[in-house]
Amino acid sequence: MISIIVPCHNEAANIAPLYDRLCAVLTGEDWELVCVNDGSRDDTLARLIALSQRDPRVRVFDLARNFGKEAALTAGLDHARGDAIIPLDADLQDPPELIPTLIAKWREGFDVVNAVRASRASDGWLKRTTARGFYRVINRLSDVPIPSDTGDFRLIARPALDALNGLRERRRFMKGLFAWVGFRTADIPYQRAARHAGQTSWNYWKLWNFALEGITSFSSAPLRLASYLGVTVSIFAFIYAAIIIFRKLVYGNAVAGYPSLIVVILFLGGVQLLALGVIGEYLGRIYEESKQRPIYLIRARWERADQDDGLDRARPARDRSHPGA
Ligand code: UDP
Ligand code: MG
C-alpha cells in the first residue's frame, strides 16, 4: 500500500484538486491519503472531513494548533500504514503525476526515491542565490551531504521510514533527517510547479530561521568558531604588544592613542557577544530537547478503523507520540 501524506495549513482551495489528481494518477494502486490539518484558520478541516466521509481511503488528523510543517509531516509519517509513503505539499507544487515514476523506481528495489527539482526557474533571483549559499555552507559543515534541490517530495519505503520515525528530535530539519537515515537512494528529476491557490507561509525571516535550524541540527562547527576567533585575536594582540614594547624601549613613549584603545575594546566585546550568541543557539536547543515535550498533539482524527462496521467517527487522540517512542 502507498500512503500519501499531506500537511495542510490554510489550503481549503487546494484539497479538491489535489484529491482529484491523486485519484487519476493512482488508479490500480492500493493507497491511502493521510491529511494532517496543521491549525488552519480557513475551512480546510471541514473539507478534509467531508472528503474522508466520501472516501474511506482518506484519513484526517487534526493537530491541536499550528505546530509547523515539519511537525505536521511527522504526525503523518507516524500514522501512515503504507509500505511506501510519499509526503506531498497540499498546494500542488509537487506534481502527483510523478508518483507512478517514484513507485516504479521503488519496485526496482530502491528504499528512497528523491524527486529532484530540475530547475529553480520558478524562484526569484534572491531566493535562488540565498538557497545556493545556504546549501554550500551546510554541506561544508555537516557530516551527511544534504541534497540541495530536493524538498520533502520523495518516496520512502517502510524500512527507511521506520528508521526515520525513530529520530524523535524536537527541532526537525526534515531534509537533513531524510539524508541522515541514508538507505538505497535514487533520484528522479522533475519540474516544480507554481502554487495552485493560496499563499505560501514562508518569508525570508522564516527561511533564515530554517537555515539556522539546519546548521545547528547537523553541525557543531559554529561552536568551534569561538576558539578560532580567540586564537586569531590573541596572535594579533601578541604582535601589537611586541610593537608597543619595542616603541617604549626605542622612543620611550608608551601612551597609545585613545582611538586604538576603543577599537580594541569594541572589537573584543563584539567577538565575545558573538561567541555567546553561538553558544546560546545550541543551549536553547538543548533546553528544548531536555523538556521532552511531544512533537505535536492530535486533537481529533477521522478515519475508518481497520476492521469495524465501516462507520466514520471522530475519536479523541490517545497516542501523543508514535508507536515506537
Ligand atoms: N504547512 C503546514 N504548516 C505550516 C506551514 C505550511 O502544514 O505551518 C504545509 C502547507 O499547507 C503545504 C506545505 O506545508 O502543504 C508547504 O507549505 P508552503 O507551500 O507554504 O511552502 P513552500 O512550498 O513555499 O516551501
Ligand atoms: Mg508550496
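This text gives an overview of the structure that appears in the document. Note that the structure is a prediction, hence the values are computed from the model and not measured.

### Quick word on the packing of aromatic side chains
For the structure shown, the criterion picks out five aromatic pairs. Each ring, one from Phe134 and one from Tyr135, has its centre 5.0 Å from the other, and the planes form 65 degrees; the classification is edge-to-face. For Phe134, a relative accessible area of 12% puts it in the buried group. Tyr135 gets classed as buried once you look at its relative accessible area, which sits at 8%. Ring pairs connect the aromatic residues Phe134, Tyr135, Phe173, Phe210 and Phe218, which therefore count as one cluster. Over the aromatic face of Phe67 sits the side chain of Arg65, whose NZ or CZ is 3.9 Å from the ring centroid. For Arg184, the ring lying beneath its charged end belongs to Phe110, and the centroid distance is 4.5 Å.

### Looking at the site of ligand 1
Not every one of the 17 residues close to ligand 1 is listed here, only the nearest: Pro7, Glu11, Asp38, Asp91 and Gln93. Separating an oxygen atom of ligand 1 from a backbone N or O atom of His9 is a distance of 2.8 Å. The side chain of Asn66 places a nitrogen or oxygen atom 3.1 Å from an oxygen atom of ligand 1. Considering only residue class, the shell around ligand 1 consists of four nonpolar, six polar and seven charged.

### Things to note about the pattern of salt bridges
The final tally for this structure, using the stated rule, is 19 salt bridges. Residues Glu97 and Arg21 are paired through a salt bridge, measuring 2.8 Å at the closest nitrogen-oxygen approach. On the criterion of sequence distance, the pair formed by Glu97 in the loop between β4 (84–87) and α4 (99–107) and Arg21 in helix α1 (residues 12–25) is long-range, its members being 76 residues apart. Given the relative accessible area of 28%, Arg21 is considered partly exposed. Between Arg285 and Glu213 there is a salt bridge, with the nearest N and O atoms lying 3.2 Å from each other. Of this pair, Arg285 sits in helix α10 (residues 258–291) while Glu213 is found in helix α8 (residues 204–218), placing the two residues 72 residues apart along the sequence. Accessibility classification places Arg285 together with Glu213 in one group, the buried group. Salt bridges linked by common partners bring Glu32, Arg59, Arg81, Arg301 and Glu303 together as one network.

Procedures and definitions
Residues numbered from 1 in each chain as written. Chains lettered and ligands numbered in written order. Predicted model: local features only at pLDDT ≥ 70, side-chain atom pairs only at ≥ 80, totals over all residues. Heavy atoms only, no water. Phe/Tyr/Trp six-rings, centres within 6.5 Å; stacked < 30°, edge-to-face > 60°. Buried < 20%, exposed > 50% of the residue type's maximum accessible area, 1.4 Å probe, protein only. Lys NZ or Arg CZ within 6 Å of the ring centre and 35° of its normal. Near = heavy atom within 4 Å. Polar contact = N/O pair within 3.5 Å; in protein donor to acceptor, adjacent residues only side chain to side chain. Nonpolar A, V, L, I, M, F, W, Y, C, P; charged D, E, K, R; others polar. Salt bridge = Lys/Arg side-chain N within 4 Å of Asp/Glu carboxyl O. Helix = DSSP H or I, 4+ residues; strand = E, 2+ residues; numbered from the N terminus.

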